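# Residue-level structure breakdown
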Amino acid sequence: MDITIAESAVRGTAQAPPSKSYTHRAILAAGYSEGATVHDPLVSADTKATMRAVEAYGGIVDRSDESALSVTGFAGRPETPDDVIDCANSGTTTRLVTATAALQDELTVLTGDDSLRSRPQGALLDAIEQLDGRAESTRNNGQAPLVVGGGIDGGTVSIPGDVSSQYITALLMAGAVTESGIDIELTTGLKSSPYVDITLEVLDAFGVTAEETDDGYTVAGGQSYDPKGSAYNVPGDFSSMSYLLAAGALAADEDLVVTSAFPSAQGDSAIVDVLKRMGATLDWNRDDGEITVERSALDGIEVGVEDTPDLLPTIATLGAAADGVTHITDAEHVRYKETDRVSAMADELTKMGAEIEEREDELVVYGEDSELTGATVDGHADHRIIMSLAVAGLVADGETTVTGAEHVDVSFPGFFDVLHGLGAAVGR
């Protein structure tokens, strides 16, 4: 599906979707429990993959209530799936439930689409083998399809922290139900560390104790997942909010208010500070969970995305519409997402008239030399690329067509409806 966006103004109030990161973890945590209700979840293509995995391991996910998931869990003892687990395009699902597979004695096969089968999993497979589990890539390239099992009991692992924080999350979540727990020693600095903070927050809500150590992280074994009141509430998603806030800062002709913006451990709440540093007029009422933003004259800044990789596409779009130079650093790991987001944003914004320099771990956007014009751009089957380019279309001269727009279903299924409701000229 292709979407067209014409230069237009936005205004009004929009509710941010629930957090994808929290939803993934809450669904799996409920699976590890005897049962729990997950309130206000994000139901998207990616989180449905995690639901399917929980059911493959013997749980049940009841979606009859539109505002909640009722999960009957496998109580820390996953069954061997009857069939291959298809994680589709969800790298988070793949990594989190790969560690779950290591808990059962027999073998689980995990795979996904073309994009997912190109993403690195080798460090997690090695960690499972350090715990005396079996973990193999069928093509011996550290990528899915994966074959995992062995009934791990816990132990100590050494693992790099500069590829994906999801490896750490997977081991912590599985480690809580092993006999002896898991001690994680990081061999490099940890990138995207706020995502591990999210994991620790969710684990705590489910009654599981895990903590950071001098060398990495540790989780004691023999624990049970048991949330207070057998329920968990998912907070709003700041990654998805970033597109709405960027739209407001670039194209609002009256106040744009984003709701469900309550504080949490989400690193992507850094978008608020990024916008303020660029000169946006913005107010965050943390008690009410509301952020109000106005159209503002923005200036380029230097910003590192070591801990906030999902913000790179949004920041690149803001930089293309700002004065001066926006220098996005610490970005090499952003190349290993659904697509190479560094190259994708450089290529597509260039088609729209932006002046951009792509480096190995940096993106330099020369807003002062950019004049955005409508064009046909490739969404790269990547929800974050698509939404960022749509925001760019709001301030580009003429009409912008974004291809493959259906992939917003991964994290923000109603994105274009919300954008239209705010006054954007959106066509299908």
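Residues numbered from 1 in each chain as written. Predicted model: local features only at pLDDT ≥ 70, side-chain atom pairs only at ≥ 80, totals over all residues. Heavy atoms only, no water.

## Notes on the pairing of strand β3 (residues 35-39)
The criterion, for reference: Residue exposure (1.4 Å probe, protein chains only): buried if accessible area is under 20% of the type maximum, exposed if over 50%, otherwise partly exposed. Note on conventions: DSSP H or I runs of at least 4 residues are helices, E runs of at least 2 residues are strands, and numbering of each starts at the N terminus. Two strands qualify as a pair provided DSSP detects at least 2 bridges between them.
Residue alternation in β3 divides its side chains into a buried set, A36 and V38, and an unburied set, G35, T37 and H39. Two strands pair when backbone bridges link them, and β3 and strand β5 (residues 68-72) are joined in this way by 5 bridges, in the antiparallel orientation. Note on β5: the bridge partner recorded for V38 is L69. In this sheet, strand β14 (residues 231-233) lies alongside β3 in parallel orientation, the contact comprising 3 bridges. By the bridge assignment, H39 is partnered in β14 with N233.

## Thoughts on helix α11 (residues 383-394)
Filter applied, for reference: What a helix is expected to span follows from its residue count: subtract one and scale by 1.5 Å. Each polar contact in these results corresponds to two N or O atoms within 3.5 Å; when the atoms are within protein, one needs to be able to donate a hydrogen and the other to accept it, and residues that are neighboring in sequence are counted only if both atoms are side-chain atoms.
Helix length check: α11 (12 residues) gives 17 Å between terminal C-alpha atoms against 16 Å at 1.5 Å per residue, within 8%. Taken across its 12 residues, α11 has 12 buried, putting it largely inside the fold. Within α11 the residues assigned to the buried category are H383, R384, I385, I386, M387, S388, L389, A390, V391, A392, G393 and L394. The backbone nitrogen of R384 lies 2.9 Å from a side-chain oxygen of the residue at the head of α11, namely D382.

## Comments concerning the nonpolar core
What counts here: Nonpolar core, defined: a set of buried Ala, Val, Leu, Ile, Met, Phe, Trp, Tyr and Cys residues in which side-chain atoms within 4.5 Å join the residues together. Throughout, a contact is declared for two residues whenever any of their heavy atoms are within 4.5 Å.
Judged by nonpolar contacts, the single largest core of 75 residues is most densely connected at V10, L312, L349, M352, L363, F415 and F416. When residues in this core are grouped by element, the largest group, 10 residues, is from helix α7 (residues 238-251). Sequence-distant contacts of L363, that is, excluding residues within four places in its chain, are made with L312, A316, T326, H327, I328, V342, M345, A346, I356, E357 and E358.

## Focus: the packing of aromatic side chains
Operational definition: Here a Phe, Tyr or Trp ring, Trp counted by its six-membered ring, pairs with any other such ring whose centre lies within 6.5 Å, and the pair is stacked when the planes are under 30 degrees apart, edge-to-face when over 60, and tilted otherwise.
Counting across every chain of the model gives 9 aromatic pairs. Here the aromatic rings of Y243 and F415 are separated by 6.3 Å at their centres, their planes lie at 80°, and the arrangement is edge-to-face. Here Y243 is found in helix α7, whereas its partner F415 is found in helix α12 (residues 415-421), with 172 residues between them in sequence. An aromatic cluster of three or more residues is present, and its members are Y32, Y57, F74, F206, Y225 and Y232.

## Things to note about helix α5 (residues 166-175)
Across the 10 residues of α5, 10 count as buried, placing the element largely inside the fold. Those residues of α5 that fall on the buried side of the exposure criterion are Q166, Y167, I168, T169, A170, L171, L172, M173, A174 and G175.

## Observations regarding a negative patch on the surface
Worth spelling out the cut-off: Like-charged residues are merged into a patch within 9 Å and nonpolar side chains (Val, Leu, Ile, Met, Phe, Trp, Tyr) within 5 Å, provided each residue has over 30% relative accessible area and no salt bridge. Throughout, the Shrake-Rupley method with a 1.4 Å probe supplies accessible areas, and for residues the shown protein chains are the sole cover considered. Whenever a carboxyl oxygen of Asp or Glu lies within 4 Å of a side-chain nitrogen of Lys or Arg, that contact is scored as a salt bridge. The charged-residue count follows a simple rule in which Lys and Arg add positive charge and Asp and Glu add negative charge, with His and chain termini not counted at all. The atom standing in for a charge is NZ when the residue is Lys, CZ when it is Arg, CG when it is Asp and CD when it is Glu.
Together, D183, E185, D197, E201, D204, E212, D214 and D215 give the surface a local cluster of negative charge. For the negative patch, the elements supplying multiple residues, two or more each, are β11 (182-186) and α6 (193-205). Sort the elements by how many residues they give to the negative patch and α6 lands first, with 3 residues. Structurally, the position occupied by E185 is in strand β11.

## Here's the deal with unusual backbone geometry
Leaving glycine aside, a negative phi is the common case for residues, and trans is the common case for peptide bonds. Here the residue pair A144 and P145 is connected by a cis peptide bond, since its omega of 5° sits within 30 degrees of zero. Counting through the fold element by element, P145 comes out in the loop between β8 (134-137) and β9 (146-149). Of note in this structure, S230 is not a glycine but carries a positive phi near 55°. Counting through the fold element by element, S230 comes out in the loop between β13 (216-219) and β14. Take S230: its relative accessible area is 37%, and that puts it in the partly exposed class. Of note, the phi angle at A381 is positive, near 50°, even though the residue is not glycine. You can see A381 is positioned in the loop between β22 (376-378) and α11. When its relative accessible area of 39% is taken as the criterion, A381 is described as partly exposed.

Without other data, these values stay purely geometric and don't point to any function.
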